[in-house]
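Fold and contact review
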Amino acid sequence: MVMTTSFAFNPKAARLLDAAYDEEVVLRRAQGRQVRSIAGFAGVGGSRRSVTEEVALVFSVSRNQAFLLVETSCALVSRLPNTLAALENGDIDLFKASKVSQLTREVSDEVAARVDAWMATRLAGRDPTAIRRSVDHAVQKFDPDGYRDRAVKKRALRHVALEHEDETMSKLSGWLPAEVASSIYASLSQAAKKRRRTDQSRTLDQHRADIFAERLLAEDGHGTPRAHVHVYVDLLTLTGAREDPATLAGYGPVPGWLAREIAADPGSTWSRLITDPFTGQLLEASPGTYRSPASLARLIKARDRECTHPGCHRPAEFSEIDHITTWARNGNTDHHNCHAACTIHNHLKEEPGWSAQPTSNGGMTITTPTGRTYHATPEPLHDPRPQPDDDTPPF
């Protein structure tokens, strides 16, 4: 006997889904118009570096996101007309369109045109992964020699990346040849399955992650990392009297209990930083105090904690210490006129129309070629302490 179930058609649900999809089409077409505007701005807004940085600021996105947006927009307008038409018609969104532009950015205009034409009937109604695979197939089909050469070059660009997430977690990823990455993952999975047979207290994913960390940290034979990380924590939080968030360099706020765990590690070293109790910011050096370049650099890195360019979160430990007002313009080498800046944003001041001005609260104001201003100020190392009334008795 065959069992069947009945389904009552819900017209309200259908109308809501139809309305949601109609709005999606509106958004896609708006993205098509936005793409043309961005490509137009890229044509008149100065160097590609300057254009990218200004788009990042006005859209409040990372430099990499802005670069991808500018690159995709220019590619769609200049040499992928069929893909742009699909976006403007609402058949695909910008994310899907970027799959075509990303995989064709290193091919010739002729190959890009052939791929774009071949993909014209393979875009609508397909998910991003399916589109990416079709584009990859087309690139190999129309440019086999170039594909092989680019594969060799990309394999030479293998690297490891760190991406910080929320609530004390981060993502460590490797850009590796496919067969190497697959082998590593298979090895981790095999070891995790073996360990789980005797330890059911952790999931397979947890075992896999723990084995991954153990293997990487075993380089010194003790399973502990050799590199240094910088944690900024208020003394009262360190002692447990308060619970202000601490700051992990490059990550951001972490809870006080984690800072205390790190501080209690026998391998940890401490350095003293003096803050203004009423602002929580690192105290500036006295105007007449002499500081050697090395100690000045330590002060600036501790004060800024990150690249001072708005929206850039590269840790100051991995940034450059340079003048805001250059030597050529009589800029002094002191804590007022020096700041931490990553290489990219340190060089940005050489672009026409860009300027930087420090603020009184330890921040930075950036002015762009279109006249817009953006501000960045480091978070206080602790909450401001209330100032006692003058007539408050000392005891």
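Given the structure is predicted, the values throughout are model-derived calculations rather than measurements. (Residues numbered from 1 in each chain as written. Predicted model: local features only at pLDDT ≥ 70, side-chain atom pairs only at ≥ 80, totals over all residues. Heavy atoms only, no water.)

**Some words on the overall build of the protein chain**
Note the cut-off: Helical segments are the DSSP runs of H or I of at least four residues, strand segments are the runs of E of at least two, and each set is numbered from the N terminus. Only protein chains enter the accessibility calculation, which uses a 1.4 Å probe. A residue is then buried if its area is under 20% of the maximum for its type, exposed if over 50%, and partly exposed in between. Throughout, a residue-residue contact means that at least one pair of heavy atoms, one from each residue, lies within 4.5 Å. For the area figures, the Shrake-Rupley method with a 1.4 Å probe applies, and any residue is considered shielded solely by the protein chains shown.
Each helix and strand counted, the protein chain has 14 helices and 10 strands in total. The buried share among the 395 residues of the protein chain stands at 33%. Restricting the contact set of the protein chain to residue pairs at least 6 apart, pairs at least 24 apart contribute 51%. Accessible area of the protein chain: about 25100 Å², with a carbon and sulfur share of 55%.

**Section: helix 1 (residues 11-44)**
Rules: To estimate how far a helix should reach, multiply one less than its number of residues by 1.5 Å.
When the terminal C-alpha atoms of helix 1 are compared, their 50 Å separation across 34 residues agrees well with the 50 Å that a helix rising 1.5 Å per residue should span. Against helix 2 (48-59), helix 3 (63-79), helix 4 (81-88) and helix 5 (94-104) lie the buried residues of helix 1. Trailing helix 1 by a residue or two, G46 shows a phi angle of about 110°, which is positive.

**A short note on the environment of T373**
Tracing the backbone through its elements, the reader meets T373 in strand 10 (residues 373-376). Note on T373: relative accessible area 43%, which makes it partly exposed. As for T373 and L57, which are separated by 316 residues in sequence, their C-alpha atoms are 9.1 Å apart. Setting aside residues no more than four positions away along its own chain, T373 makes contact with T365, I366 and T367.

**Description of the confidence of the model for the protein chain**
Let me state the cut-off plainly: Per residue, pLDDT measures the predictor's confidence, with a range of 0 to 100.
Per-residue confidence for the protein chain gives a mean pLDDT of 83, with 82% of residues at or over 70. When the elements of the protein chain are averaged for pLDDT, strand 5 (residues 252-254) gives the smallest value, 71, and helix 4 the largest, 98. The low-confidence segment residues 223-227 (pLDDT under 50) makes 6 contacts with residues lying over four places distant or belonging to another chain.

**Remarks on the packing of helix 1 against helix 2**
Condition: Throughout, an axis means a line fitted to C-alpha atoms (over the contacting stretch in the case of helices), and angles, computed between N-to-C directions, take values from 0 to 180 degrees. An angle counts as roughly parallel when it lies under 35 degrees, as roughly antiparallel when it exceeds 145, as roughly perpendicular when it falls between 65 and 115, and as oblique in every other case. Throughout, a crossing is termed right-handed when the near helix is turned clockwise from the far one, and left-handed when it is turned anticlockwise from it by less than a right angle. Residues were grouped as follows: Ala, Val, Leu, Ile, Met, Phe, Trp, Tyr, Cys and Pro as nonpolar; Asp, Glu, Lys and Arg as charged; and all remaining residues, including Gly, as polar.
Contact geometry for helix 1 and helix 2: axes closest at 10 Å, N-to-C directions at 135°. With respect to their mutual orientation, helix 1 and helix 2 come out oblique. Crossing of helix 1 over helix 2 shows right-handed handedness. Packed against helix 1, whose contacting residues are Q34, I38, F41 and A42, the element helix 2 presents V51, E54, V55 and F59 at the interface. Among the residues forming the contact of helix 1 with helix 2, the class breakdown is 6 nonpolar, 1 polar and 1 charged.

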